Amino acid sequence: MTLEWTPLSEFRKFLKNTLRLNHVNQVFSSIKNPALQLFTTFPAPDNWLAVPPEERPTFRHRDSRDLWYVIFWAWHTGFCKGNDVVAQYRRNDLVCYLSTRGRVNLSDFPVKMGLLKNSEAEHIRKKDSNRIGLFNKLSIHLLGVMKPLGDFTEEDIALADVMRPNDKRYNAKCLKDILFELGYSDEPGRRRQRILFDDCCEHPKWGNIAREFREHLKRSNSLDYYIRKAGSALHKFFKWLDQHGESDASSLEYEDFLDLFDYISKNNDGEEFSAKYTGNNLLHIKLFFDWGKGSHTFFPTYVDWPSDLYSGIHREAQEETYSGDGLAFDDPNFPMLMKEAIENYHPEDDVEVLCRAFWLIIASSPVRKTYLLNLQAEECMLPLPNAPSAVGLYSPYSGIEKAKHRNGQFPIIDSAGLRAVEFLQKRSSDKAFRPIRNERADASYVHLFQLEKYPWILNERQIYRFFDKIAEFIGHGDKKGKAHGYRHYLITHIAIETGNSELARLAAGHENQTMLNRYLRSNLSRQALLFATIKKYQDGEIAGRFIWRIFEALASEQTEPDELIKALGSEELSLDEFFAKFGLPAPTGVGRCLIQGACLFEAKCFSCHHFAIRKSEAAQAFHTLARLTKDMWNMMRGSRDFTTKNAKAAGLATQIALLGDMIRHFGYSDEQIQIEVISRLV
């Protein structure tokens, strides 16, 4: 396209027919002189465009300048028309030019030029009630792009940040909100929180390498959480390089890395971080070096990484992770105490309504919070495929869940959660929400936790602020809420109640038993199993030294409760079924030996940690006690110098005493035991 300055006669028609000014001659005369100065200084538009937008002179005559003419010229010549690279470059140029002309009021232009509908203008003016200049800023943007709002592309929207750098009142996020509200987009604006990776990318010396690494992580489909952690580690590494006066990392040697390890492992006060924290940061730094070595001059050609020391830290970090509680609650009573308080709470606004529903669902289903917050409203709850009488949370979008699962594998196991989901679905239908684009799902849909205004969808900050408020109200302000804590709690109780870790694994959505075992190793899980087992013991349902084996296993932080112990803590498995599944007949003929193969040592049976007896075997226990008593009587009668110090006699006495104690545990008095034994001796 050949660009030329448009004749002033056409500009006069523009003032009269398009802008419909009342004093056309007066306005035209005032702008004519600056326009002639423009033509004289830059005989052709190409000469004018060769000067950077922010450096182009402004031609004035009294209170008028050449700006109106430039806008007319771009509109009349179709300067910005097209979808190619050249057209986008020109739109960028014009936006930069208009935004560097100082304070100008161009709010009347877009409607009169057909770039903005009256209804759109009215909507934006209502948003501009605080007189922050939103409408005028948008007008300048429209004139720079020279197309209607409904035709804006992502590139056009991004020009808002070029036009108003770091402006909190008008930016790409603000413009996206406007387009969403007007129905031109299914993706509202998102306020991006600044992270440490941003500081790395803006580093005066190493910003370029940080940006390249960040783009690599994005191309690798790394999770946002992982990128944030990588940025934090890189920020520490850059800070260490700065302190050591390094120009880059190319000259780092073994001793330098040792110093880096020491730096990463301590805070500013010299206190040691946990092995897990240190190991995670070193892992990200190591991956940074693995990515760049040999392909960038910033890195050494050979990385003399202290592998032996790193392996030790990594091993410590793993042990710390596996032996810790993670995000589990530290108090077994707190989860249900909070659930009751939340259920009885009366929300103050719509955000609290959604927060209350969120926590009731979280306390009723072992679902991950990210999955729940990104869940669609329609058909989000369906019958479970393997148990149609039960329902579970369902999504056809695998991208919203960490493990890429879908199809309702998260069961709802409490009526409060069921009611909360039904309430949210009805609310969504009543409010007739429009679909919102979800990047994780790569789809547009109405969200279960959708809001009528920014932030449009409930977020983590809001749900945790609500949780802390309720905790404070019931006198537990020191406890911080983590949705994952309820996941720990529910998975533990599924394992306890069913006695089946495979069911717990399926409910949790874990791919294998390893991750589930980490959940069942938490203090909360241990206490829940312990209490369930102690209850059977206290209720007189079970006796025997086996109970001490359970207590020892649960008291040890390094020992994971095995299937046998989980099964005993279950309410679903009867004691008869438990003994039939795990026990073998004990050598004494009463009770069960709970090991893979029963031994032959009858004398040690009742004192063995593998022995257990249930109340239903009391009659058999009396028979055995009578036999042992008879053996002791015969030994006394047949011996001329009987003494309890005799090994065999002492063994029999111990067996009689132990078995008698077990029978007493079932509620029998000494008199009842005596009568039962005598009746079997006669």
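Residues numbered from 1 in each chain as written. Predicted model: local features only at pLDDT ≥ 70, side-chain atom pairs only at ≥ 80, totals over all residues. Heavy atoms only, no water.

Trainee: Teacher, can you tell me more about the overall build of the protein chain here?
Mentor: Of the regular secondary structure elements, the protein chain holds 31 helices and eleven strands. Out of the 682 residues in the protein chain, the part that is buried amounts to 46%. Of the roughly 35,200 Å² of accessible surface on the protein chain, 49% is carried by carbon and sulfur atoms. (Helix = DSSP H or I, 4+ residues; strand = E, 2+ residues; numbered from the N terminus. Buried < 20%, exposed > 50% of the residue type's maximum accessible area, 1.4 Å probe, protein only. Areas by Shrake-Rupley, 256 points an atom, 1.4 Å probe, with all protein chains shown as cover.)

Trainee: How should I be thinking about the sheet that holds strand S10 (residues 592-593) in this particular structure?
Mentor: Whether parallel or antiparallel, the strands of a sheet pair through hydrogen bonds between backbone atoms. Ordered by their spatial adjacency, four strands build an open sheet running S8-S11-S10-S9, and the pairing between neighbours is antiparallel. Strands at the two margins of the open sheet, each flanked by one partner only, are strand S8 (542-543) and strand S9 (584-585). Across two bridges, the pairing between S8 and strand S11 (residues 611-614) is antiparallel. By the bridge assignment, Ala-543 is partnered in S11 with Ile-613. (Pairing = 2+ DSSP bridges.)

Trainee: Teacher, can you tell me more about the nonpolar core here?
Mentor: Side chains that are nonpolar tend, in soluble globular proteins, to be buried together. One finds Phe-11, Leu-38, Trp-48, Tyr-69, Ile-71, Leu-149 and Leu-175 to be the most contacted residues of the largest nonpolar core, which totals 58 residues. Leaving out residues up to four positions away in the same chain, Phe-11 has contacts with Phe-28, Ile-31, Trp-68, Tyr-69 and Phe-72. Within the second largest apolar cluster, 42 residues are counted, among which are Trp-359, Ala-377, Val-446 and Ala-471. (Core = buried A, V, L, I, M, F, W, Y, C linked by side-chain atoms within 4.5 Å. Contact = heavy atoms within 4.5 Å.)

Trainee: I tried to follow the pattern of salt bridges on my own but got confused; where do I start?
Mentor: Evaluation of the coordinates by the stated rule reveals 27 salt bridges. With a closest N to O distance of 2.8 Å, Lys-426 and Asp-430 form a salt bridge. With a gap of four residues between them, Lys-426 and Asp-430 both fall in helix H20 (residues 415-431), about one helical turn apart. Because the salt bridges share partners, they merge into one network encompassing Lys-137, Arg-164, Asp-167 and Arg-169. (Salt bridge = Lys/Arg side-chain N within 4 Å of Asp/Glu carboxyl O.)

Trainee: Mind showing me how you'd approach the pairing of S11 here?
Mentor: Consecutive residues of a regular strand have side chains that alternate between opposite faces of the sheet. Side chains of S11 alternate between two faces, with Phe-611 and Ile-613 and Ala-612 and Arg-614 buried alike. Relative to S11, S10 runs antiparallel, the two being bridged by two bridges. Bridged to Cys-593 within S11 is Phe-611.

Trainee: Where do I start with unusual backbone geometry in this structure?
Mentor: Of note, the bond from Tyr-454 into Pro-455 is cis; its omega dihedral lies within 30 degrees of zero at 10°. Tracing the sequence through the fold places Pro-455 in the loop between strand S7 (443-445) and helix H21 (460-473). You will see that Met-146, though not glycine, has its phi angle at about 60°, which is positive. You can see Met-146 is positioned in the loop between helix H8 (134-145) and helix H9 (154-163).

Trainee: Explain the side chain of Glu-120 here, please?
Mentor: For Glu-120, the location among the structural elements is in helix H7 (residues 118-127). No salt bridge forms around the buried Glu-120; measuring N to O, its nearest opposite-charge neighbour Lys-117 is 4.6 Å away. (Lys, Arg positive; Asp, Glu negative; His and termini not counted.)

Trainee: Please clarify how the side chain of Asn-171 should be interpreted in this entry.
Mentor: In this fold, Asn-171 is placed in the loop between H9 and helix H10 (172-181). Not counting chain neighbours up to four residues away, the residues in contact with Asn-171 comprise Ala-160 and Asp-161.

Trainee: What is the right way to look at helix H14 (residues 254-264) in this model?
Mentor: Every α-helix winds through 3.6 residues per turn, so residues three or four apart in the chain are directed the same way. Where H14 is concerned, the buried positions are Phe-257, Leu-260, Phe-261 and Ile-264. Mapping the buried residues of H14 onto a view down its axis gives an arc of 100°, with all of them on the same face. (Arc of directions from axis to C-beta.)

Trainee: Which parts of the structure should I look at to understand the packing of aromatic side chains?
Mentor: The relation between two aromatic rings is expressed through the spacing of the ring centres and the mutual angle of the planes. Under the criterion given, the structure shown has 47 aromatic pairs. On the numbers, 6.2 Å between centres and 50° between planes, the contact of Trp-5 with Tyr-69 is tilted. Taken together, the residues Trp-5 in the segment before helix H1 (8-18) and Tyr-69 in helix H4 (residues 67-77) connect sequence positions 64 residues apart. By the burial criterion, Trp-5 is buried, and Tyr-69 matches it. Ring centres of Phe-39 and Tyr-69 lie 5.3 Å apart, and the angle between their planes is 75°; this geometry places the pair in the edge-to-face category. Note that Phe-39 is positioned in helix H2 (residues 24-41) and Tyr-69 in helix H4, a separation of 30 residues in sequence. Owing to a relative accessible area of 0%, Tyr-69 belongs among the buried residues under this scheme. The residue whose ring lies beneath Arg-56 is Trp-48, and the NZ or CZ to ring-centre distance is 4.4 Å. (Phe/Tyr/Trp six-rings, centres within 6.5 Å; stacked < 30°, edge-to-face > 60°. Lys NZ or Arg CZ within 6 Å of the ring centre and 35° of its normal.)

Trainee: Before we go on, may I ask you to explain the confidence of the model for the protein chain in this structure?
Mentor: Reading predicted coordinates in detail is not appropriate for stretches of low pLDDT. Averaged over the protein chain, the pLDDT score is 80; the fraction of residues at 70 or greater is 78%. Across residues 488-504, where pLDDT falls below 50, the model places 60 contacts with residues more than four positions away in sequence or in other chains. (pLDDT = per-residue confidence, 0-100.)

Trainee: How should I be thinking about H8 in this particular structure?
Mentor: Look at H8: 17 Å from first C-alpha to last across twelve residues, which is about the 16 Å you get at 1.5 Å a residue. Those residues of H8 lying buried are Leu-134, Phe-135, Asn-136, Lys-137, Leu-138, Ser-139, Ile-140, His-141, Leu-142, Leu-143, Gly-144 and Val-145. In this fold, the buried residues of H8 make contact with H4, helix H5 (85-99), helix H6 (109-112), H7, H9 and H10. Following H8 by one or two positions, Met-146 adopts a phi angle in the positive range, close to 60°. (Expected span 1.5 Å × (residues − 1).)

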